[in-house]
Amino acid sequence: MNTYLKWGSIAVLVAVIAGDALFFLGNKSTVTFFAIESNLLPREWQYKGFYTTPEQIAKAQANIKTFQGRVGGSTEEKYDIAVSIAQEYMHIGQGKEAYEYLLRAEKIDPINSITYQTMGTLFESTTAIDAAEQAFKKGIETQPHIAQNHLVLIEFYKRHNKEALTIDDTFVKALNSTDRNINLLKEYGQWLEGENRYSDSLSAWEEVFARDPNTAVERKVSQLKKLAK
C-alpha cells in the first residue's frame, strides 16, 4: 500500500469521514508510549515507495531537507514537521528513517492517532503485518471517538482476509465508540450485504435512513427488503 498523505489518505475510504479527523488533546500524563516487540518489527526496512523516478526521489529528498531546517514554534508545528518528514521518507521507501521520525512525533504528542495510523501503514508496507495491526489498534486506543481510526483497522482486516467474525466485532465496537457514526454505519451495512446478511444489512440501512432520509438510501432499503425476504 503506497498511500502516505496526511490523515485522510491513509486508507481508501477514510475521505468520506474527514470531518471526524479533528485533533482531540487530552491528558497526556495518562498515555504510555507505544512499544512494538523487536521480533515483530520489519526485517527489511527498505521497500518500493510511491515515488520511483529520479525526479520524484530528488523532490522528496529536497522536501526532507526543507522540513529538517524548520524548528517549529508550537507543539502542533513540531508534530507536523516530524510527521511530514516521516511521510516523505515513506514516499521513497526508507522505512527505518520514517519510523524514527514517527517515534519523534509520538514523543511530541503521544495521543495524536495520526502517528499510529501512519506507523501502521509503514509496517504494512514492510510486510510487518502483526506490528501494523498493533499500530492501528493503538490509534483506536488513543482516540476511540474518531471513526476513521476504526475504519482503517477494518479496511486492514479486509485486505488481509481476516475472518468475518473479527470484522463484525470490530464494526460493532467502532459503532459503540463513535456514537454510531453514520458513515461507519453505512460501511457496516455495505459489508453485511456483501456477507449475504441481508436482514442485518437492512437494519443498518434503515437506521441510516431514519437519520438521513434521502432517495439513495431509500432505494438501498427497498432493495434489501426484497433480498431479505
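Given the structure is predicted, the values throughout are model-derived calculations rather than measurements. Along every chain, residues carry numbers that run from 1 in the direction the sequence is written. In keeping with the model being predicted, local features are shown solely for residues with a pLDDT of at least 70 and side-chain atom pairs are shown and tallied solely at 80 or more, while totals for entire chains, interfaces and linings include all residues. Note: side-chain values were computed over all heavy atoms of the structure, leaving out hydrogens and water.

## Things to note about the UniProt feature "repeat: TPR" (unreviewed entry) in the chain
Part 1 of the argument: UniProt positions are given in the numbering used here, feature names are shortened, and annotations may be inferred rather than shown by experiment. Summarizing the sequence annotation, UniProt attributes the feature "repeat: TPR" (unreviewed entry) to residues 113–146 in the numbering used throughout.
Part 2 of the argument: By definition, any uninterrupted DSSP run of H or I lasting at least four residues is a helix, any uninterrupted run of E lasting at least two residues is a strand, and each is numbered from the N terminus. For residues 113–146, the helix share is 76%, the strand share is 0%, and the end-to-end C-alpha distance is 9 Å.

## Side note on the packing of aromatic side chains
Part 1 of the argument: Here a pair means two rings of Phe, Tyr or Trp (six-membered ring of Trp) with centres within 6.5 Å. Their orientation is stacked below 30 degrees between planes, edge-to-face above 60, and tilted elsewhere. Inspection of the entire model under this criterion finds 11 aromatic pairs.
Part 2 of the argument: With centroids separated by 5.9 Å and ring planes inclined at 35 degrees, the aromatic side chains of Phe171 and Trp191 adopt a geometry described as tilted. Here the residue Phe171 occupies a position in helix α7 (residues 164–177), and Trp191 occupies one in helix α8 (residues 182–194), the gap between them amounting to 20 residues.
Part 3 of the argument: Only protein chains enter the calculation, and the probe is 1.4 Å; a residue is then buried if its accessible area is under 20% of its type maximum, exposed if over 50%, and partly exposed in between. For Phe171, a relative accessible area of 0% translates into the label buried.
Part 4 of the argument: With relative accessibility at 9%, the residue Trp191 sits in the buried group.
Part 5 of the argument: Members of the aromatic cluster, joined through ring pairs, are Trp45, Tyr99 and Phe123.
Part 6 of the argument: Consider the ring centre and the ring normal. A charge sits over the ring if Lys NZ or Arg CZ is within 6 Å of that centre and within 35 degrees of that normal. Over the ring of Tyr101 we find Arg104, and its NZ or CZ is 4.2 Å from the ring centre.
Part 7 of the argument: Here Lys138 stacks its cationic end above the ring of Tyr116, 6.0 Å away from the centre of that ring.

## Brief notes about the pattern of salt bridges
Side-chain pairs of opposite charge can arise whenever the charged atoms involved come near each other.
Part 1 of the argument: For salt bridges, the criterion is a side-chain nitrogen of Lys or Arg within 4 Å of an Asp or Glu carboxyl oxygen. Under the criterion given, the structure shown has 10 salt bridges.
Part 2 of the argument: Lys173 is paired through a salt bridge with Asp169; the nearest N and O atoms lie 3.2 Å apart. You can see Lys173 and its partner Asp169 sitting in helix α7, 4 residues apart, about one turn around the helix.
Part 3 of the argument: Taking the shortest distance from any N to any O, the salt bridge between Asp200 and Arg197 comes out at 3.0 Å.

## Considerations on the nonpolar core
Part 1 of the argument: Among the buried residues, those of types Ala, Val, Leu, Ile, Met, Phe, Trp, Tyr and Cys that are joined through side-chain atoms within 4.5 Å form a nonpolar core. Among the nonpolar cores identified, the biggest contains 52 residues, and Ile85, Met119, Leu122, Phe123 and Leu184 are the most heavily contacted of them.
Part 2 of the argument: Take this core: its biggest share by element is 7 residues, from helix α6 (residues 147–159).
Part 3 of the argument: For this analysis, residues touch if any pair of their heavy atoms sits within 4.5 Å. Sequence-distant contacts of Leu122, that is, excluding residues within four places in its chain, are made with Trp45, Tyr47, Met90, Gly95, Ala98, Tyr99 and Leu102.

## Some remarks on α6
Part 1 of the argument: Here the expected length of a helix is defined as 1.5 Å per residue gap, with one fewer gap than residues. Spanning 13 residues, α6 covers 19 Å between terminal C-alpha atoms, matching the ideal 18 Å at 1.5 Å per step.
Part 2 of the argument: For α6, a buried count of 11 out of 13 residues is recorded, marking the element as mostly surrounded by other parts of the structure.
Part 3 of the argument: Along α6, the residues that are buried comprise Ala147, Gln148, Asn149, His150, Leu151, Val152, Leu153, Ile154, Glu155, Phe156 and Tyr157.
Part 4 of the argument: Where α6 is buried, its residues meet α4 (114–125), α5 (129–142), α7 and α8.
Part 5 of the argument: Immediately beyond the C-terminal end of α6, within one or two residues, lies Asn161, with a positive phi of roughly 55 degrees.

## Some words on the packing of helix α3 (residues 95–108) against α4
Part 1 of the argument: Look at α3 against α4: their axes get within 10 Å of each other, and the N-to-C directions meet at 165 degrees. Looking at the two axes, α3 sits roughly antiparallel to α4. Considering how the two elements wind past one another, α3 and α4 form a crossing that is left-handed. Listed contacts from α4 to Gly95, Ala98, Tyr99, Leu102, Leu103, Ala105 and Glu106 of α3 are Thr115, Tyr116, Thr118, Met119, Leu122 and Phe123.
Part 2 of the argument: Note that Gly is not counted as nonpolar here; it falls among the polar residues with everything else outside the nonpolar set of Ala, Val, Leu, Ile, Met, Phe, Trp, Tyr, Cys and Pro and the charged set of Asp, Glu, Lys and Arg. Split by residue class, the contact of α3 with α4 holds 9 nonpolar, 3 polar and 1 charged. Angular values range over 0 to 180 degrees, each being the angle between N-to-C directions of two axes fitted as lines to C-alpha atoms, with helices fitted over their stretch in contact. Any angle from 65 to 115 degrees is called roughly perpendicular, while one under 35 is roughly parallel, one over 145 is roughly antiparallel, and all others are oblique. Definitions for this section: a left-handed crossing has its near helix turned counterclockwise from the far helix by less than a right angle. A right-handed crossing has that turn clockwise.

## Things to note about α8
Part 1 of the argument: Taking 1.5 Å as the rise per residue, α8 with 13 residues should run 18 Å; its terminal C-alpha atoms sit 18 Å apart, in good agreement.
Part 2 of the argument: All of the buried residues along α8 are Ile182, Leu184, Leu185, Glu187, Tyr188, Gly189, Trp191, Leu192 and Glu193.
Part 3 of the argument: In this fold, the buried residues of α8 make contact with α6, α7, α9 (198–211) and α10 (215–227).
Part 4 of the argument: The backbone nitrogen of Asn183 lies 2.9 Å from a side-chain oxygen of the residue at the head of α8, namely Asn181.
Part 5 of the argument: Once α8 finishes, Asn196 follows within two positions and takes phi at roughly 65 degrees, a positive value. Whenever a nitrogen or oxygen atom comes within 3.5 Å of another N or O atom, the pair is scored as a polar contact, on the condition that within protein one atom can donate a hydrogen and the other can accept it, and that pairs from neighbouring residues in sequence are kept only if both atoms are in side chains.

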